[in-house]
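# Architecture and fold: a report
Okay, here's what each chain looks like letter by letter:
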Amino acid sequence: MTSAIADNTQQFALAVPTIRRLDNGLTIIAQQMPVDAVNLNLWFRVGSAIESNAINGMAHFLEHMIFKGTAQLPTGEFERRIEARGGIVNAATSQDYTQFFMTSAPHDFAALAPLQIELVMNPQLSAVEFERERPVILEEILRANDNSRRRTFSRSMEMAFERLPYRRPVLGPTAVIKTLTADQMKDFHHYWYQPERITAVAVGNLPVESLIATVADSFEQALAHRQPSNSGRYVETNVYRSAPEPPFAHVERHTYTDPALQQARLVLTWRVPGLVDVEKTDALDVLASILARGRLSRLVQDLREQQQLVTGISASNMSFWQQGVFSIAARLPAANLEAAEAAIAEHLARLQETPVEIAELQRVQTQVANRYVFGSESPSDLAGLYGYYQTLTGHLDPALTYPAKVQRLTPADIQAAAQTYLSTQAFGVLQILPRE
C-alpha cells in the first residue's frame, strides 16, 4: 500500500525555478509562468524575533516607514505610479521575516520593479515622517489588543514559549514604540537591509533571464543611490542564539477571563520542531488535518457533531524558524471545558496506540498536498512560497518536494510523530472564560 501512495506524487510536482546569487550577495529566484502577470517578492530575514526587548516592534514600524518615500520618490509617488498602471503592492512583517510584494502586468514590470526596490533599499526615514507614523502604529497595537482572537493568540504564544522571542508581539508593546527614534530605525535598516540578507523572487510571464536582469539592474541602481550609515552604532538585536525550548514537563494550565467572549476558549499546545528541522514538520501537518481540519476530521466529527461539546474546533502546526507550536483550539460552553480536554486527550492516545487506516491517511494526504498546490497557482502564491523557504531554510527543497514528501508518509510515520511530540501527559492548557 505504501508504494501506491508514493505512485501518486508526480501529480503534485512543481516546476523548478532558477536561482542566481550575485556578487553583492543578493539571491534572485526567477520562474516564467504562463499567467499574464508578474510578481516581485522581496524577503528579508528580519522580524520581531531578531529584535531585543528594547526595540521590540522596530521591524514592523520600519515596514510602515518604507512607504514614506525616498530622495528619488517623494511620499506618495510610488503608490501613484503603481496605481496608474493597475499594479498591486503590499507588505507584511512576522516573527521571522519582513516581506514586500508587487504584482504588475508583464509589460510594466521593467518600469515598476526599480521603484519597489528603490523604496525598500533607500527610505528617507525622516524624523518628521517617523513622528507622524508613530500614532498609526500605536493605534494598530490598540486595535490588536481590542481583538479577542488576537488576545487569545498572544496568550497562547506566551504560554508556549517561556524565553524564545516568539512569545512577544510582532507589533511590539506600546511602551517600547513610544521610545523608539528615527535614528535607531536608520541604523536598524542599514544593518538588516543589505543585499546579502535579501531574497528577491520574480515569477510571471516573462523569460527567466529578463526577470533576473530587471531585478539585478534595479538593485544596482538602488545601491548606487544609497547613503552610508552616519552613526555606525551597533544595532541591538537578538540573534537567535537560544536553543529550542524543551517539551512541557507536565500539564501546565493558564486561565484568564475575557468579558468580550460569549463562549469559552480552550487551547492545547505542544512544542514541536520548527523550520530548522523542516523534515520533521510534514507528519505534524498531516496530524493536524487528521485531528481537526475539515468536516470529516476526527475531532470535528466527535466533539462537534456527535458529542456536541464544542461549537468549533481546529488544529494547526505553526512552524517558526527555531521551533514550532502544535495547537488544538476550540470554542465551547465553559461547562464543557473538562470533558472536551479529556476527549481530545483520548483521541491523541488513540493515534499513538493505533496506526491510522490507509484510506483515512490517503484522504488527508491528498487534502494537505492539494491545499499546498492550490496555494501555488498564481505568480504571487509561488513567489511567496519560494521566498519563504529560501529565507527561512536557506534552500528551496521544502517548497519543491513538500507535496511528494507528504504523499510518502506511512501510518507508522504518523503514529511515531504523535508518540514523539503530542504527549497526553505534558502540554500547555489555555482556558479563557467569558464573563459569568
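Predicted model only: the values in this text are computed from it and were never measured. (Residues numbered from 1 in each chain as written. Predicted model: local features only at pLDDT ≥ 70, side-chain atom pairs only at ≥ 80, totals over all residues. Heavy atoms only, no water.)

## Considerations on the confidence of the model for the protein chain
- Taken over all residues, the pLDDT of the protein chain has a mean of 93, while the share at 70 or more is 94%.
- For the stretch residues 1–10, pLDDT sits under 50, and the model shows 15 contacts to residues farther than four places along the chain or on other chains. (pLDDT = per-residue confidence, 0-100. Contact = heavy atoms within 4.5 Å.)

## Some details on the sheet that holds strand 8 (residues 264–273)
- With mixed pairing, the five strands of this open sheet are ordered in space as 7-11-8-10-9. Single-partner strands in this sheet number two, and they are strand 7 (252–257) and strand 9 (312–319). The mean angle between the axes of side-by-side strands here comes to 15°, regardless of whether they run parallel or antiparallel.
- Bridge count for strand 7 against strand 11 (residues 428–433) is six bridges, and the pairing is parallel. (Pairing = 2+ DSSP bridges. Helix = DSSP H or I, 4+ residues; strand = E, 2+ residues; numbered from the N terminus. Axes fitted to C-alpha atoms, helices over the stretch in contact; angles between N-to-C directions.)

## Notes on the sheet that holds strand 2 (residues 27–32)
- Spatial ordering of the open sheet is given by 1-2-6-3-5-4, a layout of six strands whose pairing is mixed. The sheet is open, and its two borders are formed by strand 1 (18–21) and strand 4 (88–93), each paired with just one other strand. Between one strand axis and the next, the sheet turns by 15° as a mean value, whatever way the strands run.
- One ladder, built from seven bridges, connects strand 3 (residues 38–44) with strand 5 (residues 98–104); its direction is antiparallel. Paired with Leu-42 across the two strands is Phe-100, which belongs to strand 5.
- Lying on the sheet, helix 2 (residues 58–65) is in contact with strand 4 and strand 5; it crosses strand 4 at an angle near 165°.

## Remarks on the packing of helix 11 (residues 298–306) against helix 12 (residues 337–353)
- The interhelical angle for the contact between helix 11 and helix 12, taken along N-to-C directions, is 150°, at an axis separation of 11 Å. When the axes of helix 11 and helix 12 are compared, the pair comes out roughly antiparallel. Considering the relative orientation of helix 11 and helix 12, their crossing is right-handed. Residues Arg-298, Leu-299, Asp-302 and Leu-303 of helix 11 lie in contact with helix 12, whose contacting residues are Ala-340, Ala-343, Ile-344, His-347 and Leu-351. (Parallel < 35°, antiparallel > 145°, perpendicular 65-115°, else oblique. Left-handed = near helix turned anticlockwise from the far one by under 90°.)

## Considerations on unusual backbone geometry
- Unusually for a residue other than glycine, Leu-125 sits at a positive phi of about 50°.
- With respect to the helices and strands, the residue Leu-125 is situated in the loop between helix 4 (109–121) and helix 5 (127–145).
- A positive phi angle, close to 55°, is found at Gln-308, a residue other than glycine.
- Summarising the element assignment, Gln-308 is placed in the loop between helix 11 and strand 9.
- Judged by its relative accessible area of 60%, Gln-308 is exposed. (Buried < 20%, exposed > 50% of the residue type's maximum accessible area, 1.4 Å probe, protein only.)

## Focus: the environment of Ser-126
- Relative to the helices and strands, Ser-126 is located in the loop between helix 4 and helix 5.
- For Ser-126 and Pro-259, which are 133 residues apart along the polypeptide, the C-alpha to C-alpha distance reads 41 Å.
- Apart from residues no more than four positions distant in its own chain, Ser-126 is found in contact with Met-65 and Ala-182.

## What to know about the pairing of strand 1
- Of the strand pairs in this sheet, strand 1 and strand 2 are connected by four bridges, and their pairing is antiparallel. Looking at strand 2, one finds that Arg-21 is bridged to Thr-27.
- What sits between strand 1 and strand 2 in their antiparallel hairpin is a turn of five residues, with Gly-25 showing a positive phi close to 100°.

## What to know about the environment of Gln-194
- One can find Gln-194 in the loop between helix 8 (182–192) and strand 6 (198–204).
- Residue Gln-194 is classed as buried on the basis of its relative accessible area of 17%.
- It is 9.1 Å that separates the C-alpha atoms of Gln-194 and Asn-24, two residues lying 170 residues apart in sequence.
- Here His-190 takes part through its backbone oxygen, which lies 2.6 Å from a polar atom of the side chain of Gln-194. (Polar contact = N/O pair within 3.5 Å; in protein donor to acceptor, adjacent residues only side chain to side chain.)

## Re the side chain of Asp-258
- Of note, Asp-258 is situated in the loop between strand 7 and strand 8.
- On the accessibility criterion, Asp-258 (3% relative accessible area) is buried.

## What to know about the pattern of salt bridges
- Under the criterion given, the structure shown has 15 salt bridges.
- Where Arg-20 meets Glu-209, a salt bridge forms, and the shortest distance between an N and an O atom there is 2.8 Å. With Arg-20 in strand 1 and Glu-209 in helix 9 (residues 208–225), the pair connects residues that are 189 residues apart, well separated along the chain.
- On the accessibility criterion, Arg-20 (29% relative accessible area) is partly exposed.
- Judged by its relative accessible area of 48%, Glu-209 falls in the partly exposed class.
- Across the pair Glu-162 and Arg-271 runs a salt bridge whose closest N-O atoms are separated by 3.9 Å. Linking Glu-162 in the loop between helix 6 (148–160) and helix 7 (174–177) with Arg-271 in strand 8, this pair joins segments that are 109 residues apart in sequence.
- Through salt bridges with shared partners, one network takes in Glu-77, Arg-80 and Arg-81. (Salt bridge = Lys/Arg side-chain N within 4 Å of Asp/Glu carboxyl O.)

## Quick look at the environment of Pro-74
- The topology assignment puts Pro-74 in the loop between helix 2 and helix 3 (77–84).
- According to the relative accessible area criterion, Pro-74 is partly exposed, its value standing at 49%.

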